[in-house]
Amino acid sequence: MLAIFLKTLPFFLLIGTGWLAGRLRAFPPEATAWLTRFVFYFALSAMLFRFSATLDLAALFDLRFAAAYVAGSTVVWALVFAVSRGKGTPVVEAAMLAHTGMTGNTGFLGVPMLVVLLGPPAIGPVLMVLALDLVVFSTLITLIIAAARHGRLGPGTVLPVIRGIVANPMIVSMLAGLAWSALRLPMPAPAAEFLSLLGAAATPGALFAIGASLAHRPMRRPIPALALSFAKLVAHPAAVGLAAILLAVDPVAAGVMVAAAALPVAGNVYILAHHFGVAQERVSAAILISTAISIATVPYVIHLIPKG
């Protein structure tokens, strides 16, 4: 346990460094926004392409893995939604809180950290979790909000969602990498070095950006945020872990899935909340609290994963 904690500590220290820089105004919100764009569109995309280009589609997509992750995540989603509705929360807000309770920071934290900690076998499962979060659950929350506000779903609401998925650089880079692998194209040495250099900036850049963005978010409504953090850090990994056992998912892949589910709330959930003007304070506080608590919980979950 101590050894795993010490391995994860540098990642969280990078987040802490970004937070301190943001709090001291040495790294203002504008700089955070541009660093995030650099990581999102360039560094992380290069890393995802390089990882995907070494896989085949079968290694990325496993039906039982996908079913277990979607089933476990849906249970947590439905639970948070039901509890929120039981308290009189409007449908749109309840849906956003449910999305918060099961959407982890797989792109900016999971991909850089889990691949380093768990090794190359983690690449396929981590990318699968990222793809399912982006394609299934981000689509779900967008469609629910659109339907609740417009009273129906039509081409005018569905097509922008599809365009957003297709244009997402994470999805594009993964698909491009898989296509490269499927065509068995050689990777020229200069291209490989370029991707390695640019992708290497993803880990420090993403973690620093996470910390800096947390420093600029308000810390209000901590009690609901604590409940959401519990759902994300405890209920979500427990639910997908149980689903993986019931569906007999490969133990190594299941362990990576559980570790990914144990990640704190993703920063892009706040972007959605801000875009739709829904539950912004609760989402922001949940990101901050879950990230702080995950310094202890993520190493513990990784410690519990059976070594394959």
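See the structure printed just above.
Residues numbered from 1 in each chain as written. Predicted model: local features only at pLDDT ≥ 70, side-chain atom pairs only at ≥ 80, totals over all residues. Heavy atoms only, no water.

Student: Help me understand the packing of helix α1 (residues 2-23) against helix α15 (residues 280-304) in this model?
Tutor: Any two packed helices are characterised by the angle at which their axes cross and by the distance between the axes. Look at α1 against α15: their axes get within 9 Å of each other, and the N-to-C directions meet at 155°. Comparing the axis directions of α1 and α15 gives the class roughly antiparallel. Crossing hand, α1 versus α15: right-handed. Contacts from I4, F5, T8, F12 and I15 of α1 reach α15 at T291, S294, I295, V298, P299, I302 and H303. Residues of the contact of α1 with α15, tallied by class, amount to eight nonpolar, four polar and no charged. (Axes fitted to C-alpha atoms, helices over the stretch in contact; angles between N-to-C directions. Helix = DSSP H or I, 4+ residues; strand = E, 2+ residues; numbered from the N terminus. Parallel < 35°, antiparallel > 145°, perpendicular 65-115°, else oblique. Left-handed = near helix turned anticlockwise from the far one by under 90°. Contact = heavy atoms within 4.5 Å. Nonpolar A, V, L, I, M, F, W, Y, C, P; charged D, E, K, R; others polar.)

Student: What is the right way to look at the pattern of salt bridges in this model?
Tutor: One side chain can pair with another of opposite charge once the charged atoms of both are near each other. Scanning the entire structure with this criterion turns up one salt bridge. A salt bridge links R282 to E93; its shortest N-O distance comes to 2.6 Å. Here R282 is found in helix α15, whereas its partner E93 is found in helix α5 (residues 91-100), with 189 residues between them in sequence. Note on R282: relative accessible area 11%, which makes it buried. (Salt bridge = Lys/Arg side-chain N within 4 Å of Asp/Glu carboxyl O. Buried < 20%, exposed > 50% of the residue type's maximum accessible area, 1.4 Å probe, protein only.)

Student: What exactly am I supposed to notice about α1 here?
Tutor: For the α-helix, the turn length of 3.6 residues means that residues three or four positions removed from each other point alike. For α1, which comprises 22 residues, the first-to-last C-alpha distance of 29 Å matches the rise-based estimate of 32 Å (1.5 Å per residue) to within 8%. Its axis deflected by about 35° at L9, α1 carries its strongest bend there, up to four residues before the proline P10. Buried within α1 we find I4, T8, F11, F12, I15, G18, A21 and G22. Buried-residue contacts for α1 involve α6 (106-118), α11 (202-215) and α15. Positive backbone phi, at 65°, marks R25, one or two positions downstream of α1. (Expected span 1.5 Å × (residues − 1). Bend = angle between axes of the 7 residues up to and from the residue.)

Student: Would you explain helix α2 (residues 29-52) in this entry?
Tutor: Here α2 is 24 residues long and its end C-alpha atoms lie 32 Å apart, about the 34 Å a rise of 1.5 Å per residue gives. The largest bend in α2 amounts to roughly 40° and is located at V39.

Student: Where do I start with the packing of aromatic side chains in this structure?
Tutor: Any pair of aromatic rings gets described here by the distance separating the centres and the angle formed by the planes. With the rule as written, the count across this model stands at five aromatic pairs. Taking the centre distance of 6.3 Å and the plane angle of 25° together, the rings of F38 and F42 count as stacked. Linking F38 with F42, this pair stays in helix α2, spanning four residues, or about one helical turn. Centre to centre, the rings of F49 and W180 are 5.9 Å apart; their planes meet at 75°, and the pair counts as edge-to-face. Note that F49 is positioned in helix α2 and W180 in helix α9 (residues 169-182), a separation of 131 residues in sequence. The exposure class of F49 is buried, given its relative accessible area of 15%. (Phe/Tyr/Trp six-rings, centres within 6.5 Å; stacked < 30°, edge-to-face > 60°.)

Student: Honestly, the side chain of H99 in this entry has me stumped. Any pointers?
Tutor: Of note, H99 is situated in helix α5. Taking the relative accessible area as the measure of exposure, H99 reaches 1% and is therefore buried. Non-local contacts of H99, meaning those with residues more than four positions away in its chain, are made with W77, F137, S138, I141, V269 and L272.

Student: In this structure, what is going on with the nonpolar core? I would like to understand it.
Tutor: What tends to happen in soluble globular proteins is that the nonpolar side chains get buried as a cluster. Of all hydrophobic cores here, the largest spans 96 residues; its most connected members are M96 and L127. At twelve residues, helix α7 (residues 123-150) tops the list of elements feeding residues into this core. The residues contacting L127, other than those within four sequence positions of it, are L48, F51, S52, L55, L60, V111 and M174. The next biggest cluster of nonpolar side chains, apart from the first, holds five residues, and it includes A46, F49, A53 and L198. (Core = buried A, V, L, I, M, F, W, Y, C linked by side-chain atoms within 4.5 Å.)

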